[in-house]
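Structural overview for review
What follows is each chain in one-letter form.
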Amino acid sequence: MHKIKICSSSSIIESNTIWKSLKSKYEIKFTNYGDVISPFLNNKIDHTIVMVLMFEDLIREEKENIFKRKSSDIFNAIKKKSKASSKPIIVLVSKGFGPNILRSAKKNQNDDVKYKFLINNFDNLKRKIKNFYFIELDNVFSLEGYNNIYSNRNWYYARCRLSIQGLQILVNQIAKILNRCFNAPCKVLALDCDNTIWGGVVGEDGLKNLILGQDGLGTAYVDFQREIKKLVKEGVILVICSKNNENDVWKVFNEHDSMVLTKDEIVSYKINWDEKTKNLIQISEELNLNLDSFVFWDDNPVEQNKVKKLLPQVKTIETPKDVCEWPNLIKNLDYFAKFKVTKDDNKKVEQYKSRANFVKNVNINSNVNDFLKSINLKPEILSLSEKTISRAEQLCKKTNQFNLRTIRHSETDLNKIKKKNNDFVFLVKLVDDYGDHGIVSLICLEKIDKDLLFLNTFLMSCRVIGRHLESWILSKIFNIAKKYKFNFLIAEFKNSGKNNIAEKFLKEHKFISISKNVKLKKIIEKSSLDINSSIFYLDVKKTKIQNLDIYEKK
Amino acid sequence: MKKNDLKLRKVLMGTFPNSKIPKNINELKMGDLKDWDSMGNFNLILSIEQNFSVKFNMDQVEQIKSIKEIKKILKKSNVED
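Residues numbered from 1 in each chain as written. Chains lettered and ligands numbered in written order. Predicted model: local features only at pLDDT ≥ 70, side-chain atom pairs only at ≥ 80, totals over all residues. Heavy atoms only, no water.

**Brief notes about the pattern of salt bridges**
All names here are of chain A. Stated precisely, the cut-off is as follows: A pair is scored as a salt bridge if a Lys or Arg side-chain nitrogen falls within 4 Å of a carboxyl oxygen belonging to Asp or Glu. Each helix is a run of H or I in the DSSP string that is no shorter than four residues. Each strand is a run of E no shorter than two, and both are numbered from the N terminus. Exposed residues in this analysis have more than 50% of their type's maximum accessible area, buried residues have under 20%, and partly exposed residues fall in between, with area computed by a 1.4 Å probe over protein chains only.
Within this structure, the stated rule accounts for 28 salt bridges over all chains. Between Glu-411 and Lys-130 there is a salt bridge whose closest N-O contact spans 3.0 Å. Of the two residues, Glu-411 sits in helix α20 (residues 411–420) while Lys-130 sits in the loop between α6 (110–128) and β5 (132–136), which places them 281 residues apart along the sequence. Take Glu-411: its relative accessible area is 12%, and that puts it in the buried class. Taking the relative accessible area as the measure of exposure, Lys-130 reaches 46% and is therefore partly exposed. A salt bridge links Glu-286 to Lys-270, with the nearest nitrogen and oxygen atoms 3.2 Å apart. A residue pair is termed long-range when its members are at least 10 positions apart, and Glu-286 in helix α14 (residues 276–287) and Lys-270 in strand β8 (residues 266–272) qualify at 16 residues. As far as the burial class goes, Glu-286 and Lys-270 line up, both buried.

This is how it looks when you write it as structure tokens:
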């Protein structure tokens, strides 16, 4: 369980059951309200910090310099802590009721100036500091109205500025951002066609009568498609799951003037009359992506309910009846929202398309290894550098399946490993006939004894699975082991519920349980590893790695 | 038992999940349950406001210290039994 410290400038009624949902997911400690600095002081305990700042609390004292001092104390605490810990630091701010609008119509009021000063500083920090996140609550508060969010009675009675409704929104925002700090966003958008990306039923109404284009509701569908296109650019995988005749659908894609989405943006599709649940499962297998990273968007409540019931892990959207709401809804959808878009994200569509193609061809070819030899696999080792580190961190965050221990290293953590030994952390990039897959693997090694090299991290993106790339990587790890005269490679398997494939890798490559080797077991017992977990070893000198012929140059 | 009694009991259970709420709640007052201290009292008030769709003013909030008073004020606020 992640450890979270929550501090606030005034009371947020920590004993209220409104916090229950968060308390069940995280180990949460609240500091006394008003004290927003102490969570930053203890460097020994590594926890995530959530700070709730009510601007009015900072300007209660009349004296000018108190605000300046209070805010600079906060900025400095954040800067200092971020150097010592890579755990997220999250600040949420609300301005509260602003000054009289007539007064500030001509001249900025003092409080306005102060608030801008605060925001500018936090904006600066969020740009400069990797693990610092900043949220302006007023963006969400204003949707409900300040009169509903703030409660003067609660303030005078309990030193809490927010109403219960306001607190609920605050809790929701904290839950949202914590969730994204610790969990990867969804990857796949599964779309229906009729009455979803256009109005009307193409099979019945015909191409010309579809509602899509120039005015009225037609523009809402266009805007909806535009928002989807933006998601595609951020790396969201678009698939179609539609009960239709395939030709009819592609006819709209090819011939309708107002279509924004194009056929080549669709990574995979099932356009048939089968159950959508069955189709979704097939698509997830083709892409090798878990169904829990799927978002399902269909206008039909019956289809929605079927998917909800049979595939609860899929995020099914309860679409509003009024399509006018859709563009905004998808734009603000949290499922796909990520903190930053990397260069690799932009290539996603091509990569997954080639993945789907590859799977098709493997299934056609009877001798898989011969087939693999023919597709010009070109792996390459990259060292951890400024250019590659954000991808390395991203891989740690997102890789769930082929991941031995699922340790979510931050950039700071990775740099620490690199500092110990340059060779002990590296990435692998892969190109083959199916495309440039980009950086797909990260390896971190750790010395636990003069004879023992430990696989701290071995992860590989699921989109290149099936190429025996892991065998090639293992041979490179062996080379490093030999270079530094380690005789044994130690691996630990931590079951995350999603990483069976990583366990399979250990078995296929003949890793041996540590319990079979008393000598090694004794050394491990003295190390920081938990001897009761699943620990395995390989004898570097004696083990012959399989499948390497695929990667031998002709 | 009256409808509001049932509802109040549910609110008590929700607000003080660590305490056992007796069947008859009429005589309950602040201090009787483990977490029903002054902050717990405020949480109870907030929960009653939500569940009965009422809003208490400062005077009423300061007055409420027992189920009896809650019922009295609910009656005044025209919450039907």
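**What to know about the domain arrangement of chain A**
Residues and elements named next belong to chain A. How we decide: Per the annotation, domain bounds derive from an automatic or database assignment of domains. For this analysis, residues touch if any pair of their heavy atoms sits within 4.5 Å. Here a polar contact is taken to be a pair of N or O atoms separated by no more than 3.5 Å, where protein atoms must pair a possible hydrogen donor with a possible acceptor and residues adjacent in sequence count only if both atoms sit in side chains. Under the grouping applied here, Gly and all other residues not named as nonpolar or charged are polar, the nonpolar ones being Ala, Val, Leu, Ile, Met, Phe, Trp, Tyr, Cys and Pro and the charged ones Asp, Glu, Lys and Arg.
By domain assignment, chain A separates into domain 1 (3–182), domain 2 (188–331) and domain 3 (366–551). Here the C-alpha centre of domain 3 lies 41 Å away from the C-alpha centre of domain 1. Across the contact, four residues belong to domain 1 and five residues belong to domain 3. There are one salt bridge connecting domain 1 and domain 3. Put simply, domain 1 and domain 3 have two residue pairs in polar contact (both at pLDDT 80 or more) between them. Among the residues making up the side of domain 1 that touches domain 3, the classes are represented as one nonpolar, one polar and two charged.

**Comments concerning a positive patch on the surface**
Residue and element names in this part refer to chain A. Put simply, the rule is: Only residues above 30% relative accessible area that lack a salt bridge enter a patch, with like-charged residues linked at up to 9 Å and the nonpolar side chains Val, Leu, Ile, Met, Phe, Trp and Tyr linked at up to 5 Å. The method behind every accessible area is Shrake-Rupley, applied with a 1.4 Å probe, and residues are considered shielded solely by the protein chains displayed. Counted as positive: Lys and Arg. Counted as negative: Asp and Glu, with His and the chain ends omitted from the count. The atoms used to mark charge sites are NZ of Lys, CZ of Arg, CG of Asp and CD of Glu.
Taken together, the side chains of Lys-79, Lys-83, Arg-127 and Lys-128 define a basic patch exposed on the protein surface. Breaking the positive patch down by element, the ones donating at least two residues are α4 (64–84) and α6. Mapped onto the secondary structure, Lys-128 falls in helix α6. Of the residues examined, Lys-128 reaches a relative accessible area of 68% and is grouped as exposed.

**Some words on the interface of chain B and chain A**
Spelled out, the test is: Joining two parts hides part of their accessible area as seen by a 1.4 Å probe, and the buried area is that hidden amount summed over both.
Listed as interface residues are 14 residues of chain B and, on the opposing side, ten residues of chain A. Here chain B and chain A share an interface that buries about 1,100 Å² over both sides, 64% of which is from carbon and sulfur atoms. Linking chain B to chain A there are one salt bridge. Among the ionic pairs, A:Arg153 bridges to B:Glu49, the shortest N-O distance being 2.4 Å. The element best represented in the side of chain B that touches chain A is helix α2 (residues 38–52) of chain B, accounting for seven residues.

**Some words on the nonpolar core**
Rules: Put simply, a nonpolar core is a bunch of buried Ala, Val, Leu, Ile, Met, Phe, Trp, Tyr and Cys residues held in one set by side-chain atoms that sit within 4.5 Å of each other.
Counting residues in hydrophobic clusters, the biggest one holds 114 residues, and the most contacted among them are A:Leu189, A:Trp198, A:Phe253, A:Leu287, A:Leu442, A:Leu469 and A:Leu489. For this core, the element with the most residues is helix α21 (residues 469–483) of chain A, which contributes eight residues. Here this core spans two domains, and each of domain 2 (188–331) and domain 3 (366–551) of chain A adds at least three residues to it. Once residues within four sequence positions are removed from consideration, A:Leu287 is found in contact with A:Val188, A:Ile237, A:Val239, A:Val267, A:Tyr352, A:Arg355 and A:Ala356. Counting 58 residues, the second largest nonpolar core, distinct from the first, contains A:Ile12, A:Ile18, A:Leu162 and B:Ile64.

**A closer look at the sheet that holds strand β4 (residues 89–94) of chain A**
Backbone hydrogen bonds hold the strands of a sheet together, and the pairing may be parallel or antiparallel. All names here are of chain A. Filter applied, for reference: Should DSSP find at least two bridges between two strands, the strands are taken to pair. Axis geometry follows a simple rule: fit a line to the C-alpha atoms, using only the stretch in contact for helices, then measure angles between N-to-C directions, giving values from 0 to 180 degrees.
A sheet is described by the order of its strands in space; here five strands give the open sequence β2-β1-β3-β4-β5, paired in parallel fashion. The open sheet has two edge strands with one neighbour each: β2 (27–30) and β5. For this sheet, the mean inter-axis angle between neighbouring strands, taken without regard to orientation, is 20 degrees. Two elements, strand β1 (residues 3–8) and strand β3 (residues 48–54), share five bridges in a ladder whose sense is parallel. Paired with Cys-7 across the strands is Met-51, a residue of β3. Against the sheet, α4 touches β3, β4 and β5, its axis set at about 160 degrees to β4.

**Things to note about the environment of B:Lys29**
All names here are of chain B. Along the chain, the position of Lys-29 falls in the loop between α1 (3–15) and α2. Residue Lys-29 is classed as partly exposed on the basis of its relative accessible area of 44%. With residues near it in sequence (within four places) discarded, Lys-29 still touches Trp-36, Lys-65 and Ser-66.

**Re α14(A)**
For the α-helix, the turn length of 3.6 residues means that residues three or four positions removed from each other point alike. Residue and element names in this part refer to chain A. Worth spelling out the cut-off: By definition here, a helix of n residues has an expected span of 1.5 Å times n minus one.
Taking 1.5 Å of rise per residue, twelve residues should cover 16 Å, and α14 covers 16 Å from first to last C-alpha, within 8% of that figure. Among the residues of α14, those classed as buried are Lys-276, Thr-277, Asn-279, Leu-280, Ile-283, Ser-284, Glu-286 and Leu-287. Along its buried surface, α14 packs onto β6 (188–191), β7 (237–243), β8, β9 (294–297), α15 (301–310) and α17 (343–364). Of the residues flanking the end of α14, it is Asn-288, one or two places downstream, whose phi is positive at about 55 degrees.

**Section: the packing of α4(A) against α6(A)**
Residue and element names in this part refer to chain A. Note the threshold: Between 65 and 115 degrees an angle is taken as roughly perpendicular, under 35 as roughly parallel, over 145 as roughly antiparallel, and anywhere else as oblique.
Following both chains from N to C, one finds α4 and α6 inclined at 10 degrees, their axes separated by 11 Å at the closest point. As far as their axial angle goes, α6 and α4 are roughly parallel. Contact residues: Glu-64, Phe-67, Lys-68, Ser-71, Ile-74, Phe-75, Ile-78 and Lys-79 in α4; Asn-110, Lys-114, Phe-117, Leu-118, Asn-121, Phe-122 and Leu-125 in α6. A per-class count over the contact of α4 with α6 returns eight nonpolar, three polar and four charged.

**Here's the deal with the environment of A:Val428**
All names here are of chain A. Counting through the fold element by element, Val-428 comes out in strand β13 (residues 425–432). The class for Val-428 is buried, based on a relative accessible area of 0%. Each C-alpha atom, one on Val-428 and one on Ile-473, is 8.0 Å from the other, the two residues being 45 residues apart in sequence. Excluding its chain neighbours within four sequence positions, the residues that come into contact with Val-428 are Pro-379, Glu-380, Gly-438, Ile-439, Val-440, Ser-441, Ile-443, Leu-469, Trp-472 and Ile-473.

**Details of the sheet that holds β9(A)**
Residues and elements named next belong to chain A. Spatial strand order, β8-β7-β6-β9-β10: five strands in an open sheet with parallel pairing. The two strands at the open ends of the sheet, each matched to only one other strand, are β8 and β10 (315–316). Sheet strands touched by α14: β6, β7, β8 and β9. Its angle to β7, the strand with the most contacts, is close to 150 degrees.

**With respect to the side chain of A:Gln304**
Residue and element names in this part refer to chain A. By secondary structure assignment, the location of Gln-304 is in helix α15. Looking at Gln-304, the relative accessible area reads 6%, which means it is buried. Polar contacts involving the side chain of Gln-304 include one to the main-chain carbonyl oxygen of Asp-298, which spans 2.7 Å. With sequence-adjacent residues up to four places away left out, Gln-304 is seen in contact with Phe-296, Asp-298, Asp-299, Thr-316, Ile-317, Glu-318 and Thr-319.

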